[in-house]
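Listed here are the chains, written in short residue letters.
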Amino acid sequence: MSDQGEDVITTAHGAGSGKMRELLGDLVLPRFADGEERATVGLDALDDGAVLPLPESGAMVVTTDSHVVDPPVFPGGDIGRLAVAGTVNDLAVMGATEDLWLTSSLVVEEGTPLSLVEQVLDSMQTACEEAGCRIVTGDTKVMGSGEIDTLAINTTGVARVRSDEFVTDAGMQVGDRVICTGTVGDHGISLLSEREGFDFEGELSSDVTPINGLVATAMAAGPVTAMKDPTRGGFSAAIVEMAEKADVGVELDESTLPVTPSVASAGEILGIEPVDVANEGKAILSVRPGAAEVVLDAIQDHADGRDAAIVGTVTEDHPGRVVLDTGFGRRYMTAPEGTPLPRIC
Ligand code: MG
């Protein structure tokens with residue numbers, strides 16, 4: 001609340017949980033919800049991207065993200081790598097893994113060293129090469145000193161898919177096995193450690209990576225019914241959203257969830273659960289039970305998926321809820337509310 005008692009935007013509105021849902025539900029969806037010219041997957045779905053029908057055949061997947069991470073250079077990456085990986089990965093988890101085209105819009109603060117801009121552009125170029133994608137149009141704006149903090153990058157991605165090829169985050173089916181493609185919490189925990197000035201002997205590093213190649217490998221190995229990248233809000237927010245949207249239960253075995261020892265101990269010191277913070281190079285896949293082992297093997301054979309694991313099962317029981325078996329008992333997993341973590345991606 002401001003001095004006048006007027007409602008204002010708070011950091012909680014950007015935290016990807018309750019307040020953001022209110023903002024979307026109260027202000028955005030009533031204005032822009034899908035009309036008669038329906039998208040195949042539109043704004044109402046609140047998925048990682050939209051799927052639009054094309055006149056002849058196939059469909060177009062489109063997604064957009066603004067990246068405002070602080071600090072702009074962090075262990076394991078920088079805002080440029082993040083801006084490319086974030087958008088490539090949102091396309092990938094919609095099933096669009098090749099022929100990806102990106103736009104890039106930079107907003108830079110006056111006084112930002114040119115060397116930083118060059119470093120960020122180098123990282124974007126490298127990430128594009130890794131993903132096999134191209135930046136084909138863009139925009140650059142400069143704001144005055146103090147009017148923006150260093151730089152923000154918006155990237156939009158488009159890709160064409162066959163109409164039977166796209167995957168949403170709402171398709172989990174009872175009996176599916178849930179695969180997490182690697183360790184959780186690396187990006188969020190390493191970024192927060194950096195901000196707090198803990199170095200943990202340099203063992204922490206963001207996982208920021210374009211994973212379209214990994215996702216293509218998984219989809220070629222067996223039927224994937226639902227996918228999501230666990231970015232802001234972490235693994236817990238993503239898996240709860242998937243269970244809610246499909247109206248199914250998910251039972252997770254905590255002992256199978258991959259977490260590096262350094263992330264686990266840094267998380268304890270920071271008082272933050274690794275499952276509640278952003279990943280920038282991981283995906284959660286729901287896979288038909290007969291294919292789960294084959295898909296897991298294919299993912300583990302990929303350089304970005306060595307730590308992948310089957311972490312749970314989709315059930316008829318407790319629809320819309322995720323039950324975590326901790327080894328000591330069972331409890332519901334919930335999306336993080338509480339302390340928002342601004343500027344993590
Ligand atoms: Mg996403």
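See above for the structure.
None of these values were measured; they are calculated from a predicted model.

J.: Looking at this structure, how should I read the pairing of strand β5 (residues 100-109)?
T.: For a regular strand, side-chain orientation follows a simple rule: the groups alternate between the two sheet faces. Two strands pair when backbone bridges link them, and β5 and strand β7 (residues 151-161) are joined in this way by 9 bridges, in the antiparallel orientation. Following the sheet pairing, Ser104 is matched in β7 by Thr155. One ladder, built from 9 bridges, connects β5 with strand β6 (residues 134-143); its direction is parallel. Directly across from Val108, in β6, lies its bridge partner Val142. Handedness of the β5-helix α3 (residues 114-131)-β6 crossover: right-handed.

J.: I'm lost on the state of the cysteines in this one. Help?
T.: What we call a disulfide is simply a covalent bond connecting the sulfur atoms of a pair of cysteines. Scanning all chains against the criterion turns up 0 disulfides. You can see Cys128 has no disulfide; the closest cysteine sulfur is in Cys133, sitting 3.8 Å from it.

J.: Please clarify how the environment of Glu273 should be interpreted in this entry.
T.: Among the structural elements, Glu273 can be located in the loop between α7 (261-270) and β11 (284-287). On the basis of relative accessible area, Glu273 is assigned to the partly exposed category, the value being 44%. Distance in space between the C-alpha atoms of Glu273 and Thr225 is 28 Å, their sequence separation being 48 residues.

J.: How should I be thinking about a nonpolar patch on the surface in this particular structure?
T.: Judged by side-chain polarity, Phe32, Leu43 and Leu46 come together as a nonpolar surface patch covering roughly 270 Å² of accessible area. The residue Leu46 is located in the loop between α1 (18-32) and β1 (50-53) in this model.

J.: Mind showing me how you'd approach unusual backbone geometry here?
T.: Across residues other than glycine, the phi torsion is negative in most instances, and most of the peptide bonds are trans. Between Asp70 and the following residue, Pro71, the backbone shows a cis peptide bond with an omega angle of 0°. In this fold, Pro71 is placed in the loop between β2 (59-67) and β3 (73-74). Positive phi is not limited to glycine here, since Asp99 has a value of about 55°. Secondary-structure assignment places Asp99 in the loop between α2 (79-92) and β5. We classify Asp99 as exposed; its relative accessible area is 55%. The phi torsion at Asp247 lies on the positive side, around 55°, for a residue other than glycine. With respect to the secondary-structure elements, Asp247 resides in the loop between α6 (234-246) and β10 (249-253).

Conventions adopted
Residues numbered from 1 in each chain as written. Predicted model: local features only at pLDDT ≥ 70, side-chain atom pairs only at ≥ 80, totals over all residues. Heavy atoms only, no water. Pairing = 2+ DSSP bridges. Helix = DSSP H or I, 4+ residues; strand = E, 2+ residues; numbered from the N terminus. Right-handed = clockwise from strand over helix to strand, strands pointing away. Disulfide = S-S within 2.5 Å. Buried < 20%, exposed > 50% of the residue type's maximum accessible area, 1.4 Å probe, protein only. Patch = residues over 30% accessible without salt bridge, like charges linked within 9 Å, V, L, I, M, F, W, Y side chains within 5 Å. Areas by Shrake-Rupley, 256 points an atom, 1.4 Å probe, with all protein chains shown as cover. Salt bridge = Lys/Arg side-chain N within 4 Å of Asp/Glu carboxyl O.

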